Amino acid sequence: MVDLIEMKTIGLTGGIGSGKTTIARWFLAEGIPVYDSDSQAKELLHTDETLKEKIRQTFGENAYIDGIYNRSFIAAQVFEQPHLLQQLNEMVHPAVFDHFENWKKKQKSDFIVKEAAILFESGSYKDCDAIITVVADEDIRLARVLQRDGLSEQQIRQRMQNQWTDAQRRELSDFIIENNGDLESLHHNFDRVFKALTQQFQTR
């Protein structure tokens, strides 16, 4: 088993519609464990009783209906009062961090990938040994999300505004994967980064 001290954490991030989830799937296909921070955060909102109680205290009993996280209610609250989004993140991020640390202890790999849309915004990037950012032009990202998620253009742009820009991410990233072209081009860029990571961190 690989010593936990030696196991490296590779951060994977990118704005909405950038294609980072596709990159995460390719890491999995190569046998690299991937922690999906966004999915785990959503899961913890339903299962972590300590977190649920903190959210109820901040947003009121309407935050949960019959024990189910009231996503539309919370979304409306944070949209109207941006400071509440920060409070929500300050409750969710520590819960995700603890869950990730427990997950990491169970992995057997030279390096693992931590996928997170707000890797920089949450401060999680500080715990990574290397960071990959997937970038794409804003109009391309917008078109992808419009086709994929059924959100309005206003909703998508609001989410983009709540995230760092690609220019900000680039400054703190070790690897940049461009995704303005087709899937073949994207996979070529992934292969380049994967080879570099393997050479840098693989010990076996």
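Here is what the cut-offs are and how they apply
- Residues numbered from 1 in each chain as written.
- Predicted model: local features only at pLDDT ≥ 70, side-chain atom pairs only at ≥ 80, totals over all residues.
- Heavy atoms only, no water.
- Axes fitted to C-alpha atoms, helices over the stretch in contact; angles between N-to-C directions.
- Helix = DSSP H or I, 4+ residues; strand = E, 2+ residues; numbered from the N terminus.
- Parallel < 35°, antiparallel > 145°, perpendicular 65-115°, else oblique.
- Left-handed = near helix turned anticlockwise from the far one by under 90°.
- Contact = heavy atoms within 4.5 Å.
- Nonpolar A, V, L, I, M, F, W, Y, C, P; charged D, E, K, R; others polar.
- Buried < 20%, exposed > 50% of the residue type's maximum accessible area, 1.4 Å probe, protein only.
- Phe/Tyr/Trp six-rings, centres within 6.5 Å; stacked < 30°, edge-to-face > 60°.
- Lys NZ or Arg CZ within 6 Å of the ring centre and 35° of its normal.
- Polar contact = N/O pair within 3.5 Å; in protein donor to acceptor, adjacent residues only side chain to side chain.

Description of the packing of helix α1 (residues 20-29) against helix α9 (residues 183-201)
Helix-helix packing is characterised by the crossing angle of the two axes and by the distance between the axes.
Stage number 1. Contact geometry for α1 and α9: axes closest at 11 Å, N-to-C directions at 55 degrees. One finds that α1 runs oblique with respect to α9. Note that α1 runs across α9; the crossing there is right-handed. On α9, the residues that touch Thr22, Ile23, Trp26 and Phe27 of α1 are Leu183, Leu186, His187, Phe190, Phe194 and Leu197.
Stage number 2. Residues of the contact of α1 with α9, tallied by class, amount to 8 nonpolar, 2 polar and no charged.

Quick word on unusual backbone geometry
Stage number 1. Positive phi values are uncommon outside glycine, yet Asp66 reaches one of about 55 degrees.
Stage number 2. For Asp66, the position within the fold is in the loop between β3 (64-65) and β4 (68-69).
Stage number 3. Exposure remark for Asp66: the relative accessible area of 78% places this residue in the exposed category.

Describing the environment of Ala24
Stage number 1. Mapped onto the fold, Ala24 is located in helix α1.
Stage number 2. Between the C-alpha atom of Ala24 and that of Val34, which follows or precedes it by 10 residues, the distance is 6.7 Å.

As for the packing of aromatic side chains
Stage number 1. All told, the structure shown has 11 aromatic pairs when counted by the stated rule.
Stage number 2. Judged by centre distance (5.7 Å) and plane angle (55 degrees), the rings of Trp26 and Phe190 are tilted. Residue Trp26 is located in helix α1, and its partner Phe190 is located in helix α9; the two are separated by 164 residues in the primary sequence.
Stage number 3. Where Phe27 meets Phe194, the ring centres are 6.1 Å apart and the plane angle is 65 degrees; that geometry is what we call edge-to-face. Here Phe27 is found in helix α1, whereas its partner Phe194 is found in helix α9, with 167 residues between them in sequence. For the pair Phe27 and Phe194, one class covers both residues: buried.
Stage number 4. In this arrangement the basic side chain of Lys114 is found over the ring face of Phe100, its NZ or CZ atom lying 4.3 Å from the centre.

Concerning the side chain of Asn70
Stage number 1. Position of Asn70 among the secondary structure elements: in the loop between β4 and α4 (71-80).
Stage number 2. On the accessibility criterion, Asn70 (14% relative accessible area) is buried.
Stage number 3. A polar side-chain atom of Asn70 sits 3.0 Å from the main-chain carbonyl oxygen of Asn62.
Stage number 4. A distance of 3.3 Å separates a polar atom in the side chain of Asn70 from a polar atom in the side chain of Ser72.

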